[in-house]
Amino acid sequence: MREAWLLTPGPLTTSSSVKNAMLRDLGSRDDEFIAINRQIRERLLQLAGAEETHVCVPLQGSGTFAVEAMLNTFIARGAKALILINGAYGERMARICAMGGLAHSVIRWPEDRPVDPAALERELAADVSLTHVAVVHCETTSGILNPIDRIAAAVKRHGRGLLIDSMSAFGALPIDARSLAFDALVASSNKCLEGVPGMGFVIARREALMACAGNSRSLSLDLHDQWNSMEKNGQWRFTPPVHVILAMAQALKEHASEGGVEGRGARYRNNCRILMEGMRKLGFESLLPDHLQAPIIVTFLMPADPRFIFANFYDRLRCKGYVIYPGKLTVADSFRVGCVGRIGPEEMTGAVKAVQEVMTQMGVKSGSPALLHAR
Ligand SMILES: *Cc1c(COP(=O)(O)O)cnc(C)c1O
């Protein structure tokens, strides 16, 4: 039997060809390896329309390491970040700042509301000490899409720097540095780019990063230092995750042959549509209205039927080969189903069918969260 499909926010299902690309050992000073690194960094810049203005700095670790590196490197002593929060990943950025002693303030919205650019503008006008704004592109907590274009325009108008956590969006949802101003954007190898976990990267505006020398209070998370030494000899400062990088090179080839950001986004949108339609037929309701929903991960409200026990539902789905994810919301009891990774219409249709079978096994007639329908 094949391994279960991961309908989660990550780690995600990857292709066999991506996994197979890891079956070699290359030294960190190997010419071939150095060339592969260069190609990956160039390709990631292209995907952001940022070849002319930005540089790509990869970093060992999961996505959070790269987020922490971005905040640590860009928020200088004397600088202050405004963190826009509508979910757990925004909260995480605030926590990183608090633990690192980085000056910051926050604005919070409920998890089912997008960040409001008007409130952002008011705060930027009111607090002149703010130098940067940090925001999550797609809040994976709920699956909500934040209005990144309008946020970027507001930040630019007020002459501040924008730091974007685009972890769960980059590679599937377009972002173009030629029309959307940002100082830094972070993503990782294992979300929409469908590599294996282990590497994050920051796309940083060259001028802005150049001004960051000496900012970082951490050695291993210092993006300026990481960039500087990589520019010198093409090598990573510390042991590179060689196999992860080899897998990433293959993943980027597959991303390109699928049609890049547009092609990948189209597959995910189709995955999301199949999931939504199927689940709604079974009575389930999504937390978000369609116009706020990113085609990345969907939050479903917990069914009202008392026979629906989530742990049981989860285990039975797992047995049928589909791994879903618990909810992480404070506003509602919920669970999540991902649309990303190396999965397509067949897997999404299969997942909906498995949900229906499990409901029958559990004696649950409807997935509706409204008590009215429970019996
Ligand atoms: C996945 C994710 C991260 C990073 O998570 P890791 O577990 O550290 O890889 C950060 N922000 C968002 C929005 C994410 O979806």
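Residues numbered from 1 in each chain as written. Predicted model: local features only at pLDDT ≥ 70, side-chain atom pairs only at ≥ 80, totals over all residues. Heavy atoms only, no water.

Participant: Whenever I open this one, the overall build of the protein chain confuses me. Can you help?
Facilitator: Within the protein chain, the regular secondary structure consists of 12 helices and 14 strands. In terms of C-alpha radius of gyration, the protein chain reaches 21 Å, essentially the compact-globule figure of 21 Å for 375 residues. In terms of overall dimensions, the protein chain has C-alpha extents of about 65 × 55 × 35 Å along its principal axes. When burial is assessed residue by residue, the protein chain has 61% of its 375 residues classed as buried. (Helix = DSSP H or I, 4+ residues; strand = E, 2+ residues; numbered from the N terminus. Rg over C-alpha atoms; globule rule 2.2 N^0.38 Å. Buried < 20%, exposed > 50% of the residue type's maximum accessible area, 1.4 Å probe, protein only.)

Participant: Where do I start with helix 2 (residues 31-47) in this structure?
Facilitator: Residues separated by three or four positions in an α-helix point in the same direction, a consequence of the helix having 3.6 residues per turn. In a regular helix each residue adds 1.5 Å, so 17 residues correspond to 24 Å; helix 2 covers 25 Å between its end C-alpha atoms and thus fits that length. Residues of helix 2 that are buried: Phe33, Ile34, Ala35, Ile36, Asn37, Ile40, Arg41, Leu44, Leu45 and Leu47. Sitting at the head of helix 2, Asp30 places a side-chain oxygen 2.7 Å from the backbone nitrogen of Glu32. Looking one or two residues past helix 2, Gly49 carries a phi angle of roughly 60°, positive in sign. (Expected span 1.5 Å × (residues − 1). Polar contact = N/O pair within 3.5 Å; in protein donor to acceptor, adjacent residues only side chain to side chain.)

Participant: Whenever I open this one, the domain arrangement of the protein chain confuses me. Can you help?
Facilitator: Quite often, the size of an interface is put as the accessible area lost when its parts meet. Along its sequence, the protein chain is carved into domain 1 (17-257) and domain 2 (261-362). Domain 1 and domain 2 are separated by 28 Å when their C-alpha centres are compared. Between domain 1 and domain 2, the residue contacts involve 26 residues of the former and 22 residues of the latter. Of the roughly 2000 Å² buried at the junction of domain 1 and domain 2 (both faces included), carbon and sulfur atoms supply 59%. Of the charged contacts in the structure, one is a salt bridge between Arg264 and Glu194, with a shortest N-O distance of 3.7 Å. (Domains from an automatic or database assignment. Contact = heavy atoms within 4.5 Å. Buried area = accessible area lost by both parts, 1.4 Å probe. Salt bridge = Lys/Arg side-chain N within 4 Å of Asp/Glu carboxyl O.)

Participant: What is the right way to read the sheet that holds strand 10 (residues 199-205) from this model?
Facilitator: Strand pairing in a sheet takes place through backbone hydrogen bonds and is either antiparallel or parallel in direction. Spatially, the seven strands line up as an open sheet ordered 2-10-9-8-5-3-4, and their pairing is mixed. A strand with exactly one partner marks an edge of an open sheet, and here the two such strands are strand 2 (54-60) and strand 4 (104-108). For this sheet the average axis-to-axis angle between neighbouring strands, irrespective of direction, equals 20°. Pairing of strand 2 with strand 10 involves seven bridges; the strand directions are antiparallel. Note that in strand 10 the partner of Leu59 across the bridge is Gly200. In the packing of helix 4 (residues 88-100) onto the sheet, the strands contacted are strand 3 (81-85), strand 4, strand 5 (132-136) and strand 8 (161-165), and the crossing angle to strand 3 comes to about 150°. Contacts from helix 6 (residues 148-157) reach strand 3, strand 5 and strand 8, with the element oriented near 155° to strand 8. (Pairing = 2+ DSSP bridges. Axes fitted to C-alpha atoms, helices over the stretch in contact; angles between N-to-C directions.)

Participant: Whenever I open this one, the sheet that holds strand 11 (residues 297-301) confuses me. Can you help?
Facilitator: If you walk across this open sheet you meet the three strands as 11-14-13, and the pairing is antiparallel. In the strand order of this sheet, the two ends are held by strand 11 and strand 13 (325-326), each with one partner. The strands that helix 10 (residues 260-281) touches are strand 11 and strand 14 (334-338); relative to strand 11, the one it contacts most, it runs at about 10°.

Participant: Explain the nonpolar core to me, please; I cannot follow it from the model alone.
Facilitator: General note: in soluble globular proteins, nonpolar side chains tend to be found buried as a group. If you look at the biggest cluster of nonpolar residues, it comprises 53 residues, and the most contacted ones within it are Ile40, Leu44, Leu84, Leu120, Leu162, Phe170 and Phe201. Among the elements that line this core, the one with the most residues is helix 9 (residues 242-257), at nine residues. Setting aside chain neighbours within four positions, we find Phe170 in contact with Leu44, Leu47, Ala48, Ile175, Leu185, Ala187, Cys192, Leu193, Phe201 and Ile203. If you look at the next biggest cluster of nonpolar residues, it comprises 34 residues, including Ala81, Ile85, Ala134 and Trp227. (Core = buried A, V, L, I, M, F, W, Y, C linked by side-chain atoms within 4.5 Å.)

Participant: Even after reading the chapter, I still don't get the packing of aromatic side chains, so can you show me in this structure?
Facilitator: Aromatic ring pairs are described here by two measures, namely the spacing of the ring centres and the angle between the planes. This model, assessed by the stated rule, comprises 12 aromatic pairs. Ring geometry for Phe308 versus Phe313: centroids 4.6 Å apart, planes at 45°, classification tilted. Judged on exposure class, the residue Phe308 and its partner Phe313 are both buried. Through successive ring pairs, a cluster of aromatic residues spans Phe284, Phe300, Phe308, Phe310, Phe313, Tyr314 and Phe335. A cation over an aromatic ring shows up here: Arg2 above the ring of Trp5, its NZ or CZ 3.6 Å from the ring centre. (Phe/Tyr/Trp six-rings, centres within 6.5 Å; stacked < 30°, edge-to-face > 60°. Lys NZ or Arg CZ within 6 Å of the ring centre and 35° of its normal.)

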